[in-house]
Amino acid sequence: MEDHKDISNDAAAESVPHQCESYLAQWKRAVADYENLQKDLLRERSQMRVSSIYTAAATFLPVYDNFLMAFAHAPSESPEQVQQWITGIEHIKNQFAAALRELGLEEIPCTGAVDTRLHEVIGSEPKEGAAEDTIARCVQPGYRIGETVVRVAKVMVVKQTT
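Residues numbered from 1 in each chain as written. Predicted model: local features only at pLDDT ≥ 70, side-chain atom pairs only at ≥ 80, totals over all residues. Heavy atoms only, no water.

## Some points on the packing of aromatic side chains
Inference 1: Within the structure shown, the criterion is met by one aromatic pair.
Inference 2: Ring centres of Y64 and F96 lie 4.8 Å apart, and the angle between their planes is 45 degrees; this geometry places the pair in the tilted category. With a gap of 32 residues between them, Y64 in helix α1 (residues 2-72) and F96 in helix α2 (residues 80-102) connect regions that are remote in the sequence.
Inference 3: Judged by its relative accessible area of 6%, Y64 is buried. (Phe/Tyr/Trp six-rings, centres within 6.5 Å; stacked < 30°, edge-to-face > 60°. Helix = DSSP H or I, 4+ residues; strand = E, 2+ residues; numbered from the N terminus. Buried < 20%, exposed > 50% of the residue type's maximum accessible area, 1.4 Å probe, protein only.)

## Looking at the sheet that holds strand β4 (residues 143-145)
Strand pairing within a sheet occurs via backbone hydrogen bonds; the two strands may be parallel or antiparallel.
Inference 1: With respect to topology, three strands assemble into an open sheet ordered β1-β4-β5, the strand pairing being antiparallel. Of all strands in the sheet, those bounded by a partner on one side alone are β1 (105-107) and β5 (148-151). Across the sheet, the mean angle separating the axes of adjacent strands is 35 degrees when strand polarity is ignored.
Inference 2: Direction of pairing for β1 relative to β4: antiparallel, over a ladder of three bridges. Of the residues in β4, the one forming a bridge with E106 is R144. (Pairing = 2+ DSSP bridges. Axes fitted to C-alpha atoms, helices over the stretch in contact; angles between N-to-C directions.)

## Regarding a nonpolar patch on the surface
Inference 1: A cluster of nonpolar side chains, contributed by L24, W27 and V31, occupies part of the molecular surface with about 290 Å² of accessible area.
Inference 2: Relative to the elements of secondary structure, W27 occurs in helix α1. (Patch = residues over 30% accessible without salt bridge, like charges linked within 9 Å, V, L, I, M, F, W, Y side chains within 5 Å. Areas by Shrake-Rupley, 256 points an atom, 1.4 Å probe, with all protein chains shown as cover. Salt bridge = Lys/Arg side-chain N within 4 Å of Asp/Glu carboxyl O.)

## Structural notes on the sheet that holds strand β3 (residues 135-140)
Inference 1: Spatially, the three strands line up as an open sheet ordered β2-β6-β3, and their pairing is mixed. Across the chains shown, the open sheet's two edge strands, defined by having one partner strand only, are β2 (119-125) and β3. For this sheet, the mean angle separating the axes of adjacent strands, direction not counted, is 30 degrees.
Inference 2: Of the pairings in the sheet, the one linking β2 to strand β6 (residues 153-158) comprises six bridges and is parallel in character. Pairing of S124 across the sheet is with V157, part of β6.

## Some thoughts on the pattern of salt bridges
Inference 1: Following the criterion strictly, the structure yields five salt bridges and no others.
Inference 2: A salt bridge links D115 to R117; the nearest nitrogen and oxygen atoms lie 2.7 Å apart.
Inference 3: Accessibility expressed as a relative area gives 61% for R117, which makes it exposed.

## Considerations on the nonpolar core
Inference 1: Of all hydrophobic cores here, the largest spans 10 residues; its members are I53, A57, L61, Y64, A97, L100, L105, Y143, I145 and V150.
Inference 2: At the level of secondary structure, the elements contributing two or more residues to this core comprise α1, α2 and β4.
Inference 3: Of the residues forming this core, the biggest block, four residues, is contributed by α1.
Inference 4: Non-local contacts of I53, meaning those with residues more than four positions away in its chain, are made with L103, L105 and I145. (Core = buried A, V, L, I, M, F, W, Y, C linked by side-chain atoms within 4.5 Å. Contact = heavy atoms within 4.5 Å.)

## Thoughts on the side chain of R151
Inference 1: Tracing the sequence through the fold places R151 in strand β5.
Inference 2: A residue is classified by how much of its surface remains accessible, and R151, at 17% relative accessible area, is buried.
Inference 3: What R151 contacts, discounting residues up to four positions off in sequence, is L61, P62, D65, I108, Q140, P141, G142 and Y143.

## A short note on unusual backbone geometry
Outside of glycine, negative phi angles account for most residues, and trans bonds account for most peptide bonds.
Inference 1: Even without a glycine there, the phi angle at D133 is positive, about 65 degrees.
Inference 2: Inspection of the secondary structure puts D133 in the loop between β2 and β3.

## Digging into the pairing of β5
Inference 1: As paired strands, β4 and β5 are joined by three bridges and run antiparallel to one another. Directly across from R144, in β5, lies its bridge partner V149.
Inference 2: The turn linking β4 back onto β5 is made up of two residues, and G146 within it adopts a positive phi angle of 60 degrees.

Structural measurements only, silent on function.
The following block contains the structure:
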């Protein structure tokens, strides 16, 4: 009877290292799964942040555009009081632009060659000394968050008249 107990103890002793290896492998898989979950959550949070900023920007950019247009048409020759008011409004415009930058919005540059991913050509005009089919001027600024374009810039391109 004693021999029978020794055999079962020997079998149990031999299976312990295999069980340990199995538990270690399962633990490593669980750790890897957890690390992957953390990476997925971080990526999702980042995407949600960009999406939220994109939505807010799409709401505020038309207001900002109107503000810029109104400011561009401010009277240049006006009484001192009006000039002081215009200066105050310019500070608000700068604060608005800083808030957009703080959210991560970058204005798309409107110089050089047209990039169809960033610019929408809405017309052409002559421009002395400029190369054909380059950007003549920006009609409406475009914005992006990192590589995500919120709104393309609307531009006029150079077409020389002959």
